[in-house]
Amino acid sequence: MRYDALILGAGMSGLAAGIRLAQAGKRVAVLERHYLWGGLNSFYKRAGRRFETGLHALTNFVPKGTPNVPLTRILRQLRISHDALRLAPQRHSKSALRLSSDETLVLEYSNDPARMRASVERLFPAETAGFERMVAALPGYSDATEADRTTSARARLAEFVREPRLVELLMIAPLFYGSPTERDMSWAEYGILFRSIHLEGMARPEGGIKALLDLLIERFEAEGGELRMRNGVAAILHTHGRVTGVRLDDGTELECERVLSSAGLVETEALCGTPRANEDDPRIGRLSFVEVCCVLDRTPLELGHDTTIVFYSDSERFLYERPETPVEPRAGVITCPSNYLTSAPDPEPFVRVTCPANHGFWTSLDETRYAAEKVRAVDAMLAAAESFSFPIRPHILFRDSFTPRTIERFTGHRGGAVYGSPLKRRDGQTDLAGLELIGTDQGLVGVVGALLSGISIANRSVLAPSGGLS
Amino acid sequence: MTRDEIVLAIKDIIATIAPDEELGGLEMEVRLRDQIELDSMDFLDIVMELRKRYGVQVPEEDYMQLATLKGCVDYLGPKLESKALVLTALKG
Ligand SMILES: Cc1cc2nc3c(=O)[nH]c(=O)nc-3n(C[C@H](O)[C@H](O)[C@H](O)COP(=O)(O)OP(=O)(O)OC[C@H]3O[C@@H](n4cnc5c(N)ncnc54)[C@H](O)[C@@H]3O)c2cc1C
């Protein structure tokens with residue numbers, strides 16, 4: 001039995017692509033190596049509790065019916081109603097830059113862009129006009145020019161904002177929420193991330209990532225798609241430059257017209273028979289993270305913390321890079337899911353802290369040292385995070401953490417690179433006919449970005465007049 | 001299908017692909033995209049559903065004919081004459 005399309009990976013991009021193809025009446029299966037779906041954005045059970053691995057925030061939040069924005073487009077294409085997502089908006093969030101032990105600059109924002117503008121005005125009154133000109137000049141989702149793709153965001157920001165500390169503050173959240181490159185990104189990427197975080201906004205589906213995944217799986221299966229868990233792909237089969245099928249880990253071969261892969265660029269190449277890339281291959285992303293999730297004995301709000309997300313830098317220069325040390329506690333994200341405006345709070349409050357980490361270190365340890373180093377790294381992260389939030393450690397009932405090693409193991413992404421390769425394949429094309437990339441390495445990151453990526457490549461592949469799925 | 005049923009068939013397809021749109025007051029002779037949010041990708045989805053539900057093929061050069069509800073009825077009338085109405089979103 002021949003498939004019209006096989007999709008590698010039941011992450012956001014794979015599921016979205018699967019829904020689109022199934023809706024078009026194609027015979028399609030999503031093949032996932034893991035026994036859980038979601039990829040980088042998943043969930044697991046530990047000690048009877050459910051933990052999430054991705055989703056601090058669904059970016060690109062807009063109210064129902066807002067025209068011409070990514071969230072509305074995605075919901076429409078996947079035929080999911082805005083109401084079904086039950087999105088709880090953030091209270092407010094902030095980026096914090098510590099200049100010295102007694103001086104921290106705090107930029108506040110919410111889903112109302114006016115709040116950010118007011119915050120800029122309070123911090124640096126003389127920069128308000130420049131900030132507004134910067135916002136007006138941001139490239140849009142689809143009108144970025146080649147120059148926008150090659151210009152540094154920092155350099156462009158500095159043309160509008162003279163105060164270097166404000167430039168630094170304005171880089172923190174966009175870098176953290178989607179830059180595959182260290183320290184800086186292109187002006188085009190900055191435009192997308194700034195819009196998705198600051199001009200649109202942040203929310204969380206009630207029930208967290210699991211609720212969103214349930215909706216996607218339900219849609220996929222309702223359209224007749226086939227979800228095959230524990231079906232890792234060991235090789236992509238091809239002859240004369242054209243894909244013919246895949247071989248699964250257990251040796252089974254499946255035939256197909258087309259493969260859409262969310263495994264990543266070098267990972268997908270390796271499945272096609274290219275020798276495995278070296279650890280230092282520039283196409284492997286350098287950014288990975290350690291994250292700790294702490295179950296608390298009371299809500300952050302009760303502990304005096306009403307912020308949804310804090311992006312912090314404990315040094316004047318924001319250290320968004322692969323650290324030499326196991327983890328970099330001086331750069332982090334503190335997320336409080338209970339600080340979304342929800343009428344259905346999670347059964348227990350929790351807080352998550354995420355910091356850049358060194359992949360090579362975490363994959364070189366034996367089990368005993370791994371466990372010990374994790375405790376050490378997490379203690380340092382929590383100490384730093386507390387200085388930007390509230391006393392976390394005295395209130396922890398249970399905590400669990402994951403490292404770049406975990407991310408690599410469960411998602412297959414080399415280097416544990418959460419935002420994939422710094423070199424994106426925007427057209428999704430590969431050297432093989434019938435093989436396309438979706439997800440992180442096609443260019444779009446984050447939950448919404450990955451969904452959009454799966455949709456757009458699937459659309460093109462259904463419509464493609466030559467070699468299409470007719 | 002009668003002409004009224006064809007209108008219903010189209011509305012049902014739109015309700016399926018655009019669950020957040022209000023379709024009660026759609027005018028027959030005004031362009032659909034001037035009444036609700038629909039872009040070219042959505043039109044493609046309408047065409048796709050027509051194929052899936054009724055086996056009707058609409059070639060790309062005829063997409064223009066589907067711009068209004070009246071256009072849909074005129075163009076699809078002969079093609080859907082012998083087909084039974086399928087409702088998914090609007091049933092019940
Ligand atoms: C800690 C953390 C926090 C995050 N927070 C946010 C956030 O708050 N907001 C946000 O928008 N984004 C967030 N992200 C980013 C977001 O999760 C990703 O950008 C997005 O999920 C990527 O989706 P994807 O489909 O491209 O790839 P993936 O999710 O990586 O999907 C790839 C899938 O392919 C499978 N696979 C790989 N190789 C094979 C093979 N050979 N055979 C079969 N299956 C295979 C993998 O198991 C995986 O399930 C976060 C990520 C992490 C790790």
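What you see is a predicted model; the values in this text were computed from it and never measured. (Residues numbered from 1 in each chain as written. Chains lettered and ligands numbered in written order. Predicted model: local features only at pLDDT ≥ 70, side-chain atom pairs only at ≥ 80, totals over all residues. Heavy atoms only, no water.)

> Mind showing me how you'd approach the site of the ligand here?
Residues and elements named next belong to chain A. Contacts to the ligand come from 35 residues, most closely from Ser13, Glu32, Asn41, His56 and His413. Separating a nitrogen atom of the ligand from a backbone N or O atom of Arg33 is a distance of 3.3 Å. Leu55 is positioned such that a nitrogen or oxygen atom in its backbone is 3.5 Å from a nitrogen atom of the ligand. For the ligand, whose free accessible area comes to 1000 Å², the fraction covered by protein is 97%. At the level of elements, helix H1 (12-23), helix H14 (404-411) and helix H15 (446-463) are the ones that each hand at least two residues to the shell around the ligand. It is H15 that contributes the most residues to the shell around the ligand, 3 residues altogether. Here the shell around the ligand is composed, by residue class, of 15 nonpolar, 17 polar and 3 charged. Counting residues domain by domain, the shell around the ligand receives three or more from each of domain 1 (2-84 + 207-281 + 421-466) and domain 3 (286-411). (Near = heavy atom within 4 Å. Polar contact = N/O pair within 3.5 Å; in protein donor to acceptor, adjacent residues only side chain to side chain. Areas by Shrake-Rupley, 256 points an atom, 1.4 Å probe, with all protein chains shown as cover. Helix = DSSP H or I, 4+ residues; strand = E, 2+ residues; numbered from the N terminus. Nonpolar A, V, L, I, M, F, W, Y, C, P; charged D, E, K, R; others polar. Domains from an automatic or database assignment.)

> Help me understand the sheet that holds strand E17 (residues 396-402) of chain A, please; the structure alone is not making it clear to me.
Remark on secondary structure: sheet strands pair via backbone hydrogen bonds, oriented parallel or antiparallel. Residues and elements named next belong to chain A. What the 7 strands build is an open sheet, ordered E7-E6-E14-E15-E16-E13-E17; its pairing is mixed. For this open sheet the edge positions go to strand E7 (103-109) and E17, each flanked by a neighbour on one side alone. With strand direction ignored, the average angle separating the axes of adjacent strands in the sheet is 15 degrees. (Pairing = 2+ DSSP bridges. Axes fitted to C-alpha atoms, helices over the stretch in contact; angles between N-to-C directions.)

> Hey, could you run me through the side chain of His305(A) in this one?
Residues and elements named next belong to chain A. With respect to the secondary-structure elements, His305 resides in the loop between strand E13 (288-296) and strand E14 (309-313). A distance of 3.5 Å separates a polar atom in the side chain of His305 from the backbone oxygen of Thr307. The contact partners of His305, leaving out residues within four places of it in the chain, are Pro300, Val310, Cys336, Asn339, Phe388, Ser389 and Phe390. (Contact = heavy atoms within 4.5 Å.)

> Even after reading the chapter, I still don't get the domain arrangement of chain A, so can you show me in this structure?
Buried accessible area, meaning the area lost when the parts come together, often serves as the stated size of an interface. Residue and element names in this part refer to chain A. Domain boundaries assigned for chain A yield domain 1 (2-84 + 207-281 + 421-466), domain 2 (112-199) and domain 3 (286-411). In this complex, domain 1 contributes 10 residues to the contact, which on the side of domain 2 involves 8 residues. Around 790 Å² of area is buried between domain 1 and domain 2 when both sides are counted, 66% of it from carbon and sulfur atoms. Taken together, the links from domain 1 to domain 2 amount to 0 salt bridges. Where domain 1 meets domain 2, there are 3 residue pairs in polar contact (both at pLDDT 80 or more). In terms of residue class, the side of domain 1 that touches domain 2 is built from 4 nonpolar, 4 polar and 2 charged. (Buried area = accessible area lost by both parts, 1.4 Å probe. Salt bridge = Lys/Arg side-chain N within 4 Å of Asp/Glu carboxyl O.)

> What is the right way to read the interface of chain A and chain B from this model?
The partner chain B presents 17 residues to the 18 residues of chain A that form the contact. Carbon and sulfur atoms make up 45% of the surface buried where chain A meets chain B, a total of about 1400 Å² over both sides. Our count for the chain A to chain B interface comes out at 8 salt bridges. The partner of Asp42(B) in a salt bridge is Arg76(A), and the shortest N-O contact between them spans 2.9 Å. Broken down by secondary-structure element, the contributors of at least two residues to the side of chain A that touches chain B are H1, helix H2 (70-78) and H15 of chain A. Taken together, the residues of the side of chain A that touches chain B break down into 5 nonpolar, 7 polar and 6 charged.

> Got a minute to help me understand the side chain of His92(A) in this structure?
All names here are of chain A. Secondary-structure assignment places His92 in the loop between strand E5 (87-89) and strand E6 (93-100). His92 sits in the buried class, given a relative accessible area of 8%. Filtering out sequence-adjacent residues up to four positions away, His92 remains in contact with Glu108, Tyr109, Ser110, Arg115, Asp306, Thr307, Thr308 and Ile309. (Buried < 20%, exposed > 50% of the residue type's maximum accessible area, 1.4 Å probe, protein only.)

> Just to check I follow, could you spell out the environment of Ala18(B) for this structure?
Summarising the element assignment, Ala18(B) is placed in the loop between helix H1 (3-17) and helix H2 (32-35). The sequence separation of Ala18(B) and Ala89(B) amounts to 71 residues, and the corresponding C-alpha distance is 9.9 Å.

> Looking at this structure, I do not really get helix H7 (residues 153-160) of chain A. What am I missing?
Within an α-helix, residues lying three or four positions from one another point in the same direction, as the helix has 3.6 residues per turn. All names here are of chain A. The set of residues buried in H7 consists of Ala153, Arg154, Leu157 and Phe160. Buried residues of H7, seen end-on, are gathered within an arc of 115 degrees and therefore sit on one face of the element. If you follow the buried residues of H7, they end up packed against helix H5 (128-137), helix H8 (164-176) and helix H9 (187-200). Backbone nitrogen of Arg154 and a side-chain oxygen of the N-cap are separated by 3.2 Å at the start of H7; the cap is Ser152. (Arc of directions from axis to C-beta.)

> Sorry if this is basic, but what is going on with the pattern of salt bridges here?
Two side chains of opposite charge can pair, provided their charged atoms sit close to one another. Residues and elements named next belong to chain A. The final tally for this structure, using the stated rule, is 54 salt bridges over all chains. Among the salt bridges present, the one from Glu182 reaches Arg286, with a minimum N-O distance of 2.9 Å. Of this pair, Glu182 sits in the loop between H8 and H9 while Arg286 sits in the loop between helix H11 (265-271) and E13, and the two are 104 residues apart along the sequence. Under the relative-accessibility criterion, Arg286 is labelled partly exposed at 38%. For Asp379, the salt bridge is made with Arg399, and the minimal N-O distance between the two is 3.1 Å. With Asp379 in helix H13 (residues 367-386) and Arg399 in strand E17, the pair connects residues that are 20 residues apart, well separated along the chain. We classify Asp379 as partly exposed; its relative accessible area is 31%.

> What am I meant to see in helix H4 (residues 113-123) of chain A here?
Residue and element names in this part refer to chain A. Of the positions making up H4, those classed as buried are Met116, Ser119 and Val120. Projected down its long axis, H4 carries its buried residues within an arc of 100 degrees, all on one side. Where H4 is buried, its residues touch E7, H5, H8 and H9.

> Is there a simple way to explain the packing of aromatic side chains in this structure?
Two descriptors summarise a pair of aromatic rings, namely the distance from one centre to the other and the angle between the planes of the rings. All names here are of chain A. Across all of its chains, the model carries 17 aromatic pairs over all chains by this definition. Considering the side-chain rings of Phe160 and Trp187, the 6.3 Å spacing of their centres and the 20 degrees angle between planes classify their relative orientation as stacked. Taken as a pair, Phe160 in helix H7 and Trp187 in helix H9 lie far apart in primary sequence, 27 residues in all. Judged by its relative accessible area of 15%, Phe160 is buried. For Trp187, a relative accessible area of 1% gives the class buried. Aromatic side chains Trp187 and Tyr190 sit 5.8 Å apart centroid to centroid with 10 degrees between the ring planes, which places their arrangement in the stacked category. Pair noted here: Trp187 and Tyr190 are both in helix H9, with a separation of 3 residues, about one helical turn. Tyr190 sits in the buried class, given a relative accessible area of 0%. Clustering of aromatic rings is evident, with ring pairs tying together Phe176, Tyr177, Phe289, Phe311, Phe318, Tyr320 and Tyr419. The positively charged end of Arg27 is found above the aromatic ring belonging to Tyr3, 4.3 Å away from the centroid. Above the ring of Phe43, the side-chain terminus of Lys210 is found at 5.6 Å from the ring centroid. (Phe/Tyr/Trp six-rings, centres within 6.5 Å; stacked < 30°, edge-to-face > 60°. Lys NZ or Arg CZ within 6 Å of the ring centre and 35° of its normal.)

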